[in-house]
Amino acid sequence: MTAVEIAQVSKTFADGTQALSEVDLTVGDGEFVSLIGPSGCGKSTLLRLIADLIPPTTGTVTVAGKPAGQARREQAYGLAFQQAGLFEWRTVRRNVELPLELRGAGKAERQARAEEMLALVGLAEFGGHYPGQLSGGMQQRVAIARALAVQPPLLLMDEPFGALDEMTRERLQAELLSICATTGTSTVFVTHSISEAVFLSDRVVVMSARPGRITASIEVDLPSRDDAGRQSPVYFDKVTEVRKALRG
Ligand SMILES: Nc1ncnc2c1ncn2[C@@H]1O[C@H](COP(=O)(O)OP(=O)(O)OP(=O)(O)O)[C@@H](O)[C@H]1O
Ligand SMILES: [Mg+2]
C-alpha cells in the first residue's frame, strides 16, 4: 500500500493565487520523502492538502488508501508544522497529551507517553510550563513530541527543525530516523536545507517556483545515516545533484 498518493493536484486560493499546478506524488509505505524548493513554491500548501486542512482545487489526495478527509478523522498522521501551533492555555504536557486524549487513551497511559516524548526531545523538566514560557525552538520540540505521541503511520513535518541550533537539530534528526526505522513510519518532510534533505531522505522531491510543480525526484541511498554517511562520496554527489535541480 502507498502512504500518500497525490494525483493531478492543483490549488488556487480564493484570492486567485495559484500555489500548485498538476502535482503528482506517491510516497511509499515507510518511505522518507523531503520536499525542497524556493520560498512560496507551495510546500506548506502541499502538506496542508495531504493533512486535509485545505481541499485541492482539482485532483485527488489519498492517504493510506483512503480519502484525505477520512484519514484525518482517523488520525492516520501526526503533524509538526512551521509554526508550532501549540495551545497557549494548556501546559506543555497537556499539549503533548492532546492527540492521545482525542484517541480516548486513559490518563495513566497519556501521562506516561507524554513524559516519554518530552524526554525524547529534551524537555522532561518543562512539562508543567506553558508554551509562552518557552523559546521558539523549545516550542517546536513540543510540537514534534506531540506529533510523535500516537506513533502515527505517517508524519507530516514542515521545517520542524528550522528554529533549532545545529547540535539539537542533528540529535533530533538522528532520533527521527531511528523512530521511522523502528516503527516503519512514512514521512513527508519539508526543509530549506539541501544537506538535511539528503541526509534524512530516501527521496528528495524538488519543486519549482510558484505555481509549484515537481521538477525532479532524486533517490538517495546513503551507505549509512550517521556521521560516516554524512562524509560519504554519495552524500556529496546527492547534495550537488539536488543543488543543480534547484537551480533548474
Ligand atoms: N490561505 C492562502 N490564501 C492565499 N494565498 C495563499 C494562502 N496560503 C498560501 N498562499 C500562497 O500560496 C503560495 C505558496 O505558499 P506556501 O506557504 O505553500 O509556500 P512554501 O513553499 O511553504 O514557502 P516557504 O518556504 O516560505 O514556507 C504563496 O504564494 C502564498 O502566498
Ligand atoms: Mg512553508
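On a predicted model such as this, the values are computed, not experimentally measured, just so you know.

K.L.:
Looking at this structure, how should I read the environment of serine 208?
P.N.:
Structurally, the position occupied by serine 208 is in the loop between strand E9 (203-207) and strand E10 (214-219). Sequence separation of serine 208 and leucine 177 is 31 residues, and the distance between their C-alpha atoms is 27 Å. Excluding residues within four positions of it along the chain, serine 208 makes contact with Gly37, Cys41, Arg213, Thr215 and Gly248.

K.L.:
Please clarify how the environment of valine 33 should be interpreted in this entry.
P.N.:
As for its placement among the helices and strands, valine 33 is situated in strand E3 (residues 32-36). Judged by the 22 C-beta atoms lying within 10 Å of it, valine 33 is buried. Once the C-alpha coordinates of valine 33 and serine 224 are considered, the two residues, 191 residues apart in sequence, prove to be 17 Å apart. Each residue touching valine 33, except ones within four places of it in the same chain, is listed here: Val27, Thr187, Val188, Ser201, Asp202, Arg203 and Val205.

K.L.:
Whenever I open this one, unusual backbone geometry confuses me. Can you help?
P.N.:
With glycine set apart, most residues show a phi of negative sign, and most peptide bonds adopt trans. A cis amide bond links arginine 210 with the next residue in sequence, proline 211, at an omega value of -5°. Note on placement: proline 211 falls in the loop between E9 and E10. A positive phi angle, near 45°, is found at glutamate 22, a position not held by glycine. With respect to the element layout, glutamate 22 can be found in strand E2 (residues 18-28). When the 14 C-beta atoms within 10 Å are taken as the criterion, glutamate 22 is described as partly exposed. One non-glycine residue, aspartate 52, lies in the positive phi region at around 60°. Within the secondary structure, aspartate 52 is located in the loop between helix H1 (43-50) and strand E4 (58-63). Aspartate 52 sits in the partly exposed class, given 19 other C-beta atoms within 10 Å.

K.L.:
Where do I start with the domain arrangement of the chain in this structure?
P.N.:
It is common to give the size of an interface as the accessible area lost on bringing the parts into contact. The domain architecture assigned to the chain consists of domain 1 (2-76 + 153-247) and domain 2 (87-151). Computed from C-alpha atoms alone, the centre-to-centre distance between domain 1 and domain 2 is 24 Å. Counting residues at the interface gives ten residues for domain 1 and 13 residues for domain 2. Among the elements that line the side of domain 1 that touches domain 2, the one with the most residues is helix H6 (residues 166-183), at five residues. Here the residues of the side of domain 1 that touches domain 2 are counted per class, giving six nonpolar, three polar and one charged.

K.L.:
Just to check I follow, could you spell out the pairing of E3 for this structure?
P.N.:
Looking along a regular strand, one sees side chains alternate from face to face of the sheet. Most of E3 is tucked away: five of the five residues are buried. In E3, alternate side chains face the same way, and those of Phe32, Ser34 and Ile36 on one face and Val33 and Leu35 on the other are all buried. Direction of pairing for E3 relative to strand E8 (residues 186-190): parallel, over a ladder of four bridges. For leucine 35, the partnering residue across the bridge sits in E8 and is valine 190.

The rules we used
- Residues numbered from 1 in each chain as written.
- Chains lettered and ligands numbered in written order.
- Predicted model: local features only at pLDDT ≥ 70, side-chain atom pairs only at ≥ 80, totals over all residues.
- Helix = DSSP H or I, 4+ residues; strand = E, 2+ residues; numbered from the N terminus.
- Contact = placed C-beta atoms within 7 Å.
- Buried ≥ 20, exposed ≤ 12 C-beta atoms within 10 Å, placed from the backbone.
- Domains from an automatic or database assignment.
- Nonpolar A, V, L, I, M, F, W, Y, C, P; charged D, E, K, R; others polar.
- Pairing = 2+ DSSP bridges.

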